[in-house]
Every structure is written in C-alpha cells, then in structure tokens.
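Overview (structure and organization)
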Amino acid sequence: MIQASCPGCGSSITFKFGPSVVLVCEFCRSVVARGDRNPEDLGKVAYLVKTDSLLSIGLHGRYQDQPFELTGRVQFRHEAGGVWNEWYATFPNDRWGCLAEAQGRFYFTFQCRVADPEALESFATLTLGALIFTLSTSAPLTVAEKGIAHTISAEGEIPYRFVPGVEHHYANLSGPHDEFATLDYSEDPPLAFVGREANFAELGFPHAETSSTISQVEAQQLSCPTCGSALSLRAPDYTERVTCPSCGSLLDINQGKLKFLRVLDQKVTPMIPLGSVGRFDRHPPLTVIGFLQRSVEFDSIRYFWEEYLLHAPLMGFRWLVRKNDHWTFARPLPPGKVTTVSQEALYEKKKFKLYQGDTAQIEHILGEFYWRIEIGEMVVTTDYIAPPLMLSHEVATSAQKTEGKSNWSLGEYLTPPKVEKAFNLRNLPRPWRFAPHQPYPHAKVYEYWLQLSLIALCVGFFLFFFGAQRQVVQQTYQLEPIKAGEESVVRFSEPFTLQARQNVEITVTASLDNTWLDIVGDLISQQTDEAQGFSLTLGDYRSVERSEFFWTEGRRSSSVYLSAPEAGIYILGLDINWHNQHSQSTLFTLTVRQGVPRLWHLVLTILALSVVPLFVALRHYYFERQRWSNSIYNPYDSKD
Amino acid sequence: MVRKFYLITGGAILLLYSWVGFTGKEFGNPERQKIPADARLSPGGYRSFHTWHSGSREGK
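Rules of the game
- Residues numbered from 1 in each chain as written.
- Chains lettered and ligands numbered in written order.
- Predicted model: local features only at pLDDT ≥ 70, side-chain atom pairs only at ≥ 80, totals over all residues.
- Heavy atoms only, no water.
- Helix = DSSP H or I, 4+ residues; strand = E, 2+ residues; numbered from the N terminus.
- Areas by Shrake-Rupley, 256 points an atom, 1.4 Å probe, with all protein chains shown as cover.
- Contact = heavy atoms within 4.5 Å.
- Buried < 20%, exposed > 50% of the residue type's maximum accessible area, 1.4 Å probe, protein only.
- Polar contact = N/O pair within 3.5 Å; in protein donor to acceptor, adjacent residues only side chain to side chain.
- Buried area = accessible area lost by both parts, 1.4 Å probe.
- Salt bridge = Lys/Arg side-chain N within 4 Å of Asp/Glu carboxyl O.
- Nonpolar A, V, L, I, M, F, W, Y, C, P; charged D, E, K, R; others polar.
- Pairing = 2+ DSSP bridges.
- Axes fitted to C-alpha atoms, helices over the stretch in contact; angles between N-to-C directions.
- Phe/Tyr/Trp six-rings, centres within 6.5 Å; stacked < 30°, edge-to-face > 60°.
- Lys NZ or Arg CZ within 6 Å of the ring centre and 35° of its normal.

The number of helices and strands found in chain B is two helices and one strand. When the helices and strands of chain B are read in sequence order from the N terminus, they spell out α-β-α. Accessible surface computed for chain B: about 4100 Å², of which carbon and sulfur atoms make up 64%.

Residues and elements named next belong to chain A. In this fold, I606 is placed in helix 4 (residues 599–628). As for I606 and Y477, which are separated by 129 residues in sequence, their C-alpha atoms are 40 Å apart. Not counting residues up to four positions away in its chain, the partners in contact with I606 are W449 and L457.

A separate point is the side chain of R294 of chain A. Residue and element names in this part refer to chain A. Relative to the elements of secondary structure, R294 occurs in strand 22 (residues 286–298). On the basis of relative accessibility, which here comes to 5%, the residue R294 falls in the buried class. A distance of 3.2 Å separates a polar atom in the side chain of R294 from a polar atom in the side chain of E307.

Buried accessible area, meaning the area lost when the parts come together, often serves as the stated size of an interface. Each side of the interface is counted separately: chain A has 56 residues, and chain B has 39 residues. At the boundary of chain A with chain B, total buried surface from both sides reaches about 4300 Å², with 60% on carbon and sulfur atoms. Where chain A packs against chain B, one counts one salt bridge. Between E26 of chain B and R598 of chain A there is a salt bridge, and its shortest N-O distance comes to 3.0 Å. At the boundary of chain A and chain B, one finds 14 residue pairs in polar contact (both at pLDDT 80 or more). The set of elements that each furnish at least two residues to the side of chain A that touches chain B consists of helix 3 (444–466), strand 33 (489–492), strand 36 (515–525), strand 37 (530–545), strand 39 (557–562), strand 40 (568–578) and helix 4 of chain A. At 11 residues, the largest contribution of residues to the side of chain A that touches chain B is made by helix 3 of chain A. Each residue belonging to the side of chain A that touches chain B can be placed in one class, and the counts come to 32 nonpolar, 15 polar and nine charged.

All names here are of chain A. Per the counting criterion, the structure on display carries 22 salt bridges over all chains. Taking the shortest distance from any N to any O, the salt bridge between R161 and E40 comes out at 2.9 Å. In this pair, R161 sits in the loop between strand 12 (141–158) and strand 13 (167–174) while E40 sits in strand 5 (residues 40–44), placing the two residues 121 residues apart along the sequence. Exposure remark for R161: the relative accessible area of 46% places this residue in the partly exposed category. For E40, a relative accessible area of 37% translates into the label partly exposed. Between R302 and E297 there is a salt bridge, with its nearest N and O atoms 3.2 Å apart. Given the relative accessible area of 32%, R302 is considered partly exposed. With a relative accessible area of 44%, E297 lands in the partly exposed category. Sharing partners across several salt bridges, the network here consists of R77, E240 and R372.

All right, on to the sheet that holds strand 35 (residues 504–510) of chain A then. All names here are of chain A. Read across the open sheet, the four strands follow the order 32-41-35-39; overall the sheet is antiparallel. The open sheet has two edge strands with one neighbour each: strand 32 (470–479) and strand 39. Averaged over all pairs of adjacent strands, the angle between strand axes in this sheet comes to 15°, irrespective of strand direction. Across six bridges, the pairing between strand 35 and strand 39 is antiparallel. Directly across from V504, in strand 39, lies its bridge partner L562.

The next subject is the packing of aromatic side chains. Residue and element names in this part refer to chain A. Taken as a whole, this structure holds 36 aromatic pairs over all chains when the rule is applied. Here F91 and F110 contribute two aromatic rings whose centre-to-centre distance is 5.6 Å and whose plane-to-plane angle is 55°, an arrangement assigned as tilted. In this pair, F91 is assigned in the loop between strand 8 (83–90) and strand 9 (96–102) and F110 in strand 10 (residues 105–112), connecting sequence segments 19 residues apart. Judged on exposure class, the residue F91 and its partner F110 are both buried. Cluster of aromatic residues (ring-pair linked, three or more members): Y63, F68, F91, F106, F108, F110, F200 and F205. Between the NZ or CZ atom of K323 and the centre of the ring of W305, over which it lies, the distance is 4.4 Å. When the ring centre of Y561 is taken as origin, the NZ or CZ atom of R598, which lies over that ring, is 3.7 Å away.

Listed below in structure tokens is the structure:
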C-alpha cells in the first residue's frame, strides 16, 4: 500500500494493490501514475458513462477457485458507438486479470506471453476470420472482430499505464470451446490476453450484492428534440440510435443526449409492437426494443423480411426474424465456435449446409438499437441450414475482411403458434412457402415407425422364444395301391389333445420321386363334431435335360396352419390321392404341432407399419426439393 | 395430424399382431362345419362328406 498526494488536487490517494500502475483520483478524476519518486499526472478522465453493469469496484468474486477483487475499470467506446467496461480483477500474489463486459456478456482474460510474437500478423494485415495459432490455446482462435476503440473514462486502480483519450487498436479472437482472446496493438509486438467467455454465475459474485443492482435497471424517459414527444429507452445503457415513434426522427444518443439525424419513412408497422414482452423456453422475459426491415435483391426482385431486436438485462440481445411468415429465434454465437469448410459449417459437431449468400440492406427501422444503425446499411449474409436450425454469418460490406466484426448467429425455427404463445398474440399470418430451415413436419413418423417396429420385434421375439410351441402328434402312413373303382384312401388319425389359444400346424412330409400326393382333410372335434377343413399337396419332379441342365420342381413337405381350436380331443380325417394310386404304394409322415410362431405375421406387421412412413418419406423428398429450390446450392439441381 | 393418424393405426396394427400371436388366430381358414357322426367313423361316410362339402378334386 502506497500513500501519496494527487498531483491534480492534492487529495490523499492510496495505491492499495501491488499490480496497480495508475489510479484515478476520485475527487478530481486525474489519472495518477505511480512514479519512482513522485506521482505523475497523466491527465483527467471524463465521468463514467452510466451502464447497467451489475459490477462495481470492491466487489469480491471467485473465478476458477481463485478469489479476486475488482479494483479498477476502464470504459471504451466502440467504433459502432457502444460502450463497454473492462474491469481489472486482482487475485492473490498480485496476479491480475481483465474482465470485459459487453452487452451482458463477460470475458475473463489474463495477459500471456506470446511464444513467437513475430508470427503474429500486424493490425493492418490481420483479416477477419483468420486463424491464429501462436497463442497457447488448445485450438486455433478465429479473428472475430478488429477495430479501434477510444478510452473514455476510468475509475479505481489500473494495472497498466492508462492514458486518457488514447486510441486502442485491438482484435478479438474466439475459439471453439468458449476461448476468448484480445490482441492489444497499442504495443509492438502486440500484447495478448487469453481466457474465455464466462457466464455471470461462474464469476462467483455474492448474489445479494448484485441482485440489488439488477432491480435498478429500468427504462429511461427522454424527450424527442424534434417534436418534444416522450421517448422511452428500454435498454438505455446500450442504445446508440433510437427512432421517435411520434415524428419518425432517427436520433443518435451520446451519453444520454439525443441528436437529430433525419426523418425516416415509417410505412412499416411491426407485427409485434415495440415494448411487447416475449416469454420463450429457457430464457428470461425478452422485451422487443427494436424493429427493422431488410431486403435482398435477386433477379431484379426485392425480397423483404423483418427482424425484431429483443433484450433482457442479464442476457443481452436476441433476434426474432419473420420471413414469409416463418419465424426464427436467433442468438449470437462466438465466431470461433463455427468452422466453415467448403459448402458446410460445423457448430458443436453438427453439420450445416450452405443454403444462400447475399447482400442485405436495411430498409426501415423503428425503436432502439445498440449500434449506429443507418437506413441503407448493407451486410453480406451467408446462411447455413440444419433444420430446424440455421447458422447465419453477417459482415458489414464496408468492413469485409479488413476491419469490423464477423457476426455469427444460431437461429431456431419457430411456428407462428409458438410466437403467438410467447407474446400472447392472436392470428399471426400462416406461412405458405417453405422456409430454408423449416423442419419437415411429419419427420416424427420415422421415429414412431422405429419404435412400433421395435415393439413388434419384441413381441415376435417373445412368441418365438417363449411361446408354447409343442409337438402334439406324429404319425407315419404306409398306403398300399387302392382297388380299382375307388377314388381315394381315407384314414383317421389317433385321437390327440389340443389346447386353446394356440394355433395348429399340420405338416405332411413324403419321400416322393417324380410323383405327387394330395390330401384333403379335417381337424375334427370329438366333443362337438365340428370339422375344420384343410388341404395339402406335395409333388416332387426332377430331370436332366440334354445331359446338362438339372431341374427340380415342387416340394416334399407342406404345412397348413389352422386357427386355435377350443381345448379338447381331436382326430384328423384324411382323404388321400397320389400318383398311380392304383398300382403304387405311398408313404408319408404327418405331424401336428401347436403354438407355432409365424414369421410371416411379423413380416406382414412390419410391412403394414411401413406403409404410412413410405408415403411420408415420398412427401419428405418433395418437401426437400421445394426447400432447396430457392437455393443456388440446390443439391437436386441436375445442372450442377 | 399425420403423426396422430400413424400412432393410432400403427398401434392398432401392433395390437392386431399381438392378438393374433397370443390367441393363435390364423387367417384364410375355411369355415368350420358340423360333421355327422357316421362320417367320422367310416371311410365311406367321410368320403361322401367330402364329396358333398368340398366337391370333386383333381390331383396333379
């Protein structure tokens, strides 16, 4: 702890933490550097811009099992207009980390040594989307953003030589497993800060100290400088541009002050009114704060869609997109989590197919936005689909590859009823065309088919292996040639007992040689005199043609299946004919079994279960063709 | 709608298969007939029963 006097106002100042290099005097806002002999005055900083940050100097937290204290903060202004906070956390043993807080998201990084600083590209040559291999991370990081920020304010103790009003050239990198890094080009070679995106709960702040701050986040009331109407900002700490609902003026917001830019044409009415609160699964209530209409031109035709900007204090921003009356709920993704290869994108091991790429233009805007939005602002968009999901990539046309931000978002298809439920709306128009990422509505039938077929197989397995299969009787008959004038031989079997609820299989087997055997018979109940008829024909023919071709026809064994009779004693009556029956004898064996499993029934069942899925699959094929018909990457297009 | 229809028809098909399997039902059997006592006691009577109920038949 070092005590000194502020060179600006003479007040007593104290450097409490070892890593501190400068301190902001809380009385005169001078930035004071800790010198070898006397403190050095580096200039004054402006007052802090109010943000809805939940954090404050002196707050204790715990990150990756290490306690820390927030000891300083610097506020930066983004080129697009937004303000973000960088908090400096002091850990035991004078180690410090940087906790960046932007749009409700947190990034905890620590300065690290770059093994090969010469391998790092200069700020001028670094391109968006490039992979950086030189930082000691488990996977290469993607350049997600590149820009110039200005320091606007600070407080507390800062662990580096902070000079007010200086430009900072920086590049933000993103990795596949929430890794995050910043290259700070204010020095040569650039400084590297490596860490990861963290959610608020991971920062280990005491709930009581932060929850009181949450309740303070509320709408801010302003007056339109053009018409004087009341203007309510629903996300006041992020909003950079807002439109006046009364006069349609586009207003720029600079530290709470409104500046008139131009009057907008307000012909478009959002389907979901601004200020509406939507409740989606796994999300806090989201307020519609902005609405914009975009368009793309294709074959000289302009196609329009709408985007609603949603905001929740602790979560940041989400988008709800309406295109051809299909809806998509989208959330931003760290660019490093997405990998593109040829015509595919990979996100969390899921493959997305390239669907469309175009240049979109903003046509109308209403409400408030977290960047300096402009009518006519253009972005290059690329969409990849894996229904019901869509990955969208956007880069501002003015900033392609050189500087700016590479934005990825993950959208999930929503049906109009789900949007109606979320916003408590009624009668949203129903879509009539196919959406690129619309899931095929009957795909669940395949799952049902699989489940039903598995149940059928289980039942079949049970019948085959645990059924009451048993042999009831087996009898061999030797028949002598019959007398002239008689048509057939009649034989009755010995009586046998049959059980109820088991089918009956009657099999006849004979050693035939170029001859046939025909049996017409009845299963006769001894108790009721009821007869269940059946017939069996056997034949076996074989020959050698031209000493080369051996052929056979017919069969030496045949079975017939009868429905389960009532339990009781039965006999078989057999009326038998055979080839040359007046001159030749014949021999056959008759077997009766009960509870015989029927493979054919199982096959028929699965075939019957497959009829509807087959039609569903045919429709699915048509659906997929229609889906891709609007894509220039149509895999069904034979021209490719 | 299609899903509901398929669940209902698929369930019915499964029930039918289970019912057939567990009751020993077979399809395509001719109707049962009462057979006179003399027909099941003598070959001649049985042959006559067949001739009347099944008609004449041809061998291969």
